[in-house]
Amino acid sequence: MPDLSFVFAQALSGLTAAMFLFLIASGLSLIFGVLRVLNFAHGSFYMLGAYGAYQFVHWLGTGPGRFWWAVLLSALGVAVLGGLVERFLFQRLYGKEELYQLLFTYALVLILSDAAKILWGTQQKSVSRPPGLTGALSLFGATIPYYNLFIILLGPAIALGFWFALQRTRAGRFIRAAALDRETLGALGVNVNALYTGVFVLGSFLGGLGGALITPMRSVVPGMDTEVIVEAFVVVVIGGLGSFWGTFLGALIYGQVLSFGILFFPRFSIFSIFALMAAVLIIRPWGLLGKPLK
Amino acid sequence: MIRALTLLLAAMLALPIAAEAQKPIKVGYPMILSGSGALFGEPALKGAQMYVEEINAKGGVLGRKIELIPRDTKGDANEAVRVSRELILKENVDFLVGTLTSAEGPAVSVVAKENKIVFIANIPKTDQLTAPDKLHPYVFRTSANTTMEGRSAAEFVAKWPVTRIATISPDYAYGQDVTKSFVEHIKKLKPSVQIVDQQWPKLGEADYTPFINAQLAKKPEAVFSSLWGGHFVTFVKQARPLGYFEAIKLNFIGVGEAGSPETTKALGAEYPVGITANTYDAFYWTEGPPAQREYNARLSKYLKDEYPNSWAIQGYMGIHVLAEAIKKAGSTDSDKVSKALLGLTVDTPHGKMTIREKDHQATRGLLYGQVVKDAKYPFPILKPIIYVDPARFMD
């Protein structure tokens, strides 16, 4: 029996991973829920968020709060890019065969990864943790870095904010309505195109934000786009594509299975996740909290 | 269509003019040029290209220029096999040099054997590449192998006042083989050593925290790690705030070039100074051989980089050894070059290096050092650099 402080530390590390995955996967799930497209390029937005954070930190020099400004500016930049992509390219594909949409997002993955290589080269980039959050906290015998703690708190905050916006605001009602029946919504006089652009911008923002916030914990390298998209897909598949709380639950499960999986299958921790995903797909093909597609 | 025809016509006209004897010697260079491995594959290619440019400027080899034909393996063994076949069948290359990972090297070795074409692996370290059952006349290696790297690391750790030792390595050929060599050798050098924990994150792992927690729970006194490149950077970013390096009192040895300028540059002030690590090369190795400093001066100019890359030497040495073998053979016939490679001694920037007859392995030296801060550079360096001659523990 491992001692409790270790179990606690392990659970918290799983929680940190979960909240990052939630940030990234929620954007993917939102876009799918409303637009009914699987956006493969979501991982590319995450990667651009990370490179953007590196770039802004670099440009901002030694100013106060530069890390936070860099994260915000980078996520906003990615959101604008997402909006442009949706408005000028993606919108031509609505109503066409789904295959075209998949091909388009896949092409976008290739283009953006090459663009990143041209802009930033192949050398790995690194961003330090923000000055206020460099230390660590000792809790029940476990060491918890402040930055991880911040991420653990940020995840639920964003989840609640999101939930509130979807349930209680006018835009949220439109988004929910668009997810259910876009034709009727359009017939009621709502500008569905603008709504779609808005959702895409928001989804891209979340992807970019995840990428920017992860930079103090991971090296920024080419290829990080495709690594994360697989993880994000697993999360939304477990939780249920398009389901908001499903994504949250999927991320929580993913984090804990990964953290504790290595204790039972030290060399096959990733296997436990895929086994779980397979089990979910067999029992509930639409995910734990998802709804079967009509 | 017309453009294509014109090109074809031009090519047909140009062909007979280029005299048959002046045809360049074609060398295929399968290397990771995209994805996260590209940050090492790219400079390795640059090193090879620099050598080719230099030798061609001097008239080439046997009066013929060398033409390097790079192909992207995407870090995938299947893709490496595919592009190698394509290089041999479509481009008609005379030789293959290259590959980066320990998955690609052995895969391409099989292609070289089938096609009877000399292949010089310039980066993969896994012992399996040239193990007795895998060895064939056409495969050679100019990098160190996992036995040499694991054992040299064990020699350092054996001198530390520690007995409880743990390992953390990526779970694929390189990580497994180098860790095995380290563990076997340290047990031999210091029988009181206990291996208290072994972690095997997958290659490409992005979240090391659970592995770090699990390792710390076993209370090791020292750690051997073969995490390399971006993985090492990510690992450090997650291990430092958890107090990992303090817990083991900086008794950490990182192989896989964890001390290379590229890696210390990427981590900057976050690098856990005080640990021991290795590198392929170091431009700041002032007490090194004059040829090494001279090579770095040329590379610095070639790359337009004040702090030239340490992985470039891998590409440089690989193609250098091939060129010397062609010279010695007086021919570009793979069978003759393969024979010429046996026992060939080459003057590399790091000193004399011999390709052993028995296992086709170069007696490649290893560079280690303690990572320290130095006011002269904006990133930590190894100081002093210790050159380990592997000859005595290669068998």
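As the structure is a computational prediction, the values presented were derived from the model and not from experiment. (Residues numbered from 1 in each chain as written. Chains lettered and ligands numbered in written order. Predicted model: local features only at pLDDT ≥ 70, side-chain atom pairs only at ≥ 80, totals over all residues. Heavy atoms only, no water.)

A. Inspection of the packing of helix 5 (residues 146-168) of chain A against helix 10 (residues 244-264) of chain A at higher detail. Residue and element names in this part refer to chain A. Remark: helix 5 packs on helix 10, axes separated minimally by 11 Å, with the N-to-C direction vectors making an angle of 170°. Relative to helix 10, the element helix 5 is oriented roughly antiparallel. Contacts from Gly-155, Pro-156, Ala-159, Leu-160, Phe-162 and Trp-163 in helix 5 reach Phe-244, Trp-245 and Phe-248 in helix 10. Taken together, the residues of the contact of helix 5 with helix 10 sort by class into eight nonpolar, one polar and no charged. (Axes fitted to C-alpha atoms, helices over the stretch in contact; angles between N-to-C directions. Helix = DSSP H or I, 4+ residues; strand = E, 2+ residues; numbered from the N terminus. Parallel < 35°, antiparallel > 145°, perpendicular 65-115°, else oblique. Contact = heavy atoms within 4.5 Å. Nonpolar A, V, L, I, M, F, W, Y, C, P; charged D, E, K, R; others polar.)

B. Just unusual backbone geometry, in detail. Residue and element names in this part refer to chain B. The linkage connecting Lys-383 with the following residue, Pro-384, adopts the cis geometry, with an omega of -10°. You can see Pro-384 is positioned in the loop between strand 14 (381-382) and strand 15 (386-388). The backbone phi angle of Thr-99 is positive, close to 70°, even though this residue is not glycine. Residues other than glycine seldom take positive phi values, yet Lys-116 does so here, at roughly 50°. Tracing the backbone through its elements, the reader meets Lys-116 in the loop between helix 4 (104-115) and strand 4 (119-121).

C. Broad picture of the interface of chain B and chain A. With 36 residues of chain B at the contact, the number on the chain A side is 32 residues. Between chain B and chain A lies a buried interface of about 2800 Å² when both sides are counted; carbon and sulfur atoms form 52% of it. Ranking the residues of chain B by area buried against chain A places Leu-39, Lys-237 and Pro-241 of chain B at the top, with a combined share of 20%. Viewed at the interface, chain A and chain B are joined by zero salt bridges. Between the two partners, chain B and chain A, sit 13 residue pairs in polar contact (both at pLDDT 80 or more). (Buried area = accessible area lost by both parts, 1.4 Å probe. Salt bridge = Lys/Arg side-chain N within 4 Å of Asp/Glu carboxyl O. Polar contact = N/O pair within 3.5 Å; in protein donor to acceptor, adjacent residues only side chain to side chain.)

D. Representation of the nonpolar core in the model. Within the largest apolar cluster, 80 residues are counted, with the highest numbers of intra-cluster contacts made by Leu-35, Tyr-147 and Leu-213 of chain A. Among the elements that make up this core, the one with the highest residue count is helix 1 (residues 4-35) of chain A (13 residues). If near-sequence neighbours (up to four positions away) are discounted, Leu-213 of chain A is found in contact with Phe-20, Leu-23, Trp-68, Val-71, Tyr-147, Phe-150, Ile-151 and Leu-154 of chain A. The next biggest cluster of nonpolar side chains, apart from the first, holds 74 residues, and it includes Ile-32, Val-61, Ile-123 and Tyr-316 of chain B. (Core = buried A, V, L, I, M, F, W, Y, C linked by side-chain atoms within 4.5 Å. Buried < 20%, exposed > 50% of the residue type's maximum accessible area, 1.4 Å probe, protein only.)

E. Examining a positive patch on the surface more closely. Residue and element names in this part refer to chain A. On the surface, Arg-168, Arg-170, Arg-173 and Arg-176 cluster together into a positively charged patch. The biggest single contributor to the positive patch is helix 6 (residues 170-180), with three residues. Along the chain, Arg-168 falls in helix 5. The exposure class of Arg-168 is exposed, given its relative accessible area of 53%. (Patch = residues over 30% accessible without salt bridge, like charges linked within 9 Å, V, L, I, M, F, W, Y side chains within 5 Å. Areas by Shrake-Rupley, 256 points an atom, 1.4 Å probe, with all protein chains shown as cover. Lys, Arg positive; Asp, Glu negative; His and termini not counted. Charge placed at Lys NZ, Arg CZ, Asp CG, Glu CD.)

F. Geometry of the sheet that holds strand 5 (residues 139-141) of chain B. Residues and elements named next belong to chain B. Pairing within the open sheet is parallel, and its five strands lie in the order 2-1-3-4-5. Strands at the two margins of the open sheet, each flanked by one partner only, are strand 2 (66-72) and strand 5. Along the sheet, successive strands turn relative to each other by an average axial angle of 25°, direction set aside. In terms of strand pairing, strand 1 (residues 25-31) meets strand 2 through seven bridges, oriented parallel. The residue bridging Met-31 from the neighbouring strand is Asp-72, located in strand 2. Running over the sheet, helix 3 (residues 77-89) touches strand 1, strand 2 and strand 3 (95-98) and is turned about 145° from strand 2. (Pairing = 2+ DSSP bridges.)

G. Quick peek at the pairing of strand 8 (residues 222-225) of chain B. Residue and element names in this part refer to chain B. Burial along strand 8 is two-sided: Ala-222 and Phe-224 and Val-223 and Ser-225, pointing in opposite directions, are all buried. In terms of strand pairing, strand 8 meets strand 9 (residues 252-254) through three bridges, oriented parallel. When the bridges of strand 9 are listed, Val-223 appears paired with Phe-252.

H. Inspection of the environment of Leu-81 of chain A at higher detail. Residue and element names in this part refer to chain A. Mapping Leu-81 onto the fold places it in helix 3 (residues 66-88). Each C-alpha atom, one on Leu-81 and one on Asn-191, is 21 Å from the other, the two residues being 110 residues apart in sequence. In this structure, Leu-81 is in contact with Phe-45, Leu-48 and Leu-112, ignoring residues within four places of it in sequence.

I. Just the side chain of Thr-348 of chain B, in detail. Position of Thr-348 of chain B among the secondary structure elements: in strand 11 (residues 345-348). If near-sequence neighbours (up to four positions away) are discounted, Thr-348 of chain B is found in contact with Met-317, His-320 and Met-353 of chain B.

J. Looking closely at a nonpolar patch on the surface. Residue and element names in this part refer to chain A. There is a patch of nonpolar side chains on the surface, built from Leu-160, Trp-163, Phe-164, Trp-245, Leu-249 and Leu-289 and spanning about 550 Å² of accessible area. Elements represented by at least two residues in the nonpolar patch include exactly helix 5 and helix 10. With three residues, the top contributor of residues to the nonpolar patch is helix 5. When you line up the elements, Leu-160 lands in helix 5.

K. Representation of the confidence of the model for chain B in the model. Looking at chain B as a whole, the pLDDT averages 93, with 95% of positions reaching at least 70. Predicted confidence is poor over residues 15-20 of chain B, with pLDDT under 50, and the contacts of this stretch with residues over four places away or in other chains come to zero contacts. (pLDDT = per-residue confidence, 0-100.)

L. Looking closely at the environment of Thr-134 of chain A. All names here are of chain A. Tracing the backbone shows Thr-134 in the loop between helix 4 (98-120) and strand 1 (136-139). The exposure class assigned to Thr-134 is partly exposed, which follows from its relative accessible area of 42%. Measuring from C-alpha to C-alpha, the distance between Thr-134 and Gly-63 comes to 17 Å, with 71 residues separating the pair along the chain. A distance of 3.4 Å separates a polar atom in the side chain of Thr-134 from the backbone oxygen of Pro-131.

M. Representation of helix 5 of chain A within the structure. All names here are of chain A. End to end, helix 5 covers 32 Å across 23 residues, agreeing with the expected 33 Å (1.5 Å per residue, within 8%). Restricting attention to buried positions, one finds in helix 5 the residues Tyr-147, Asn-148, Ile-151, Ile-152, Gly-155, Ile-158, Ala-159, Phe-162 and Leu-166. Looking at the buried side of helix 5, the elements it contacts are helix 1, helix 3, strand 2 (142-145), helix 6, helix 8 (192-214) and helix 10. (Expected span 1.5 Å × (residues − 1).)

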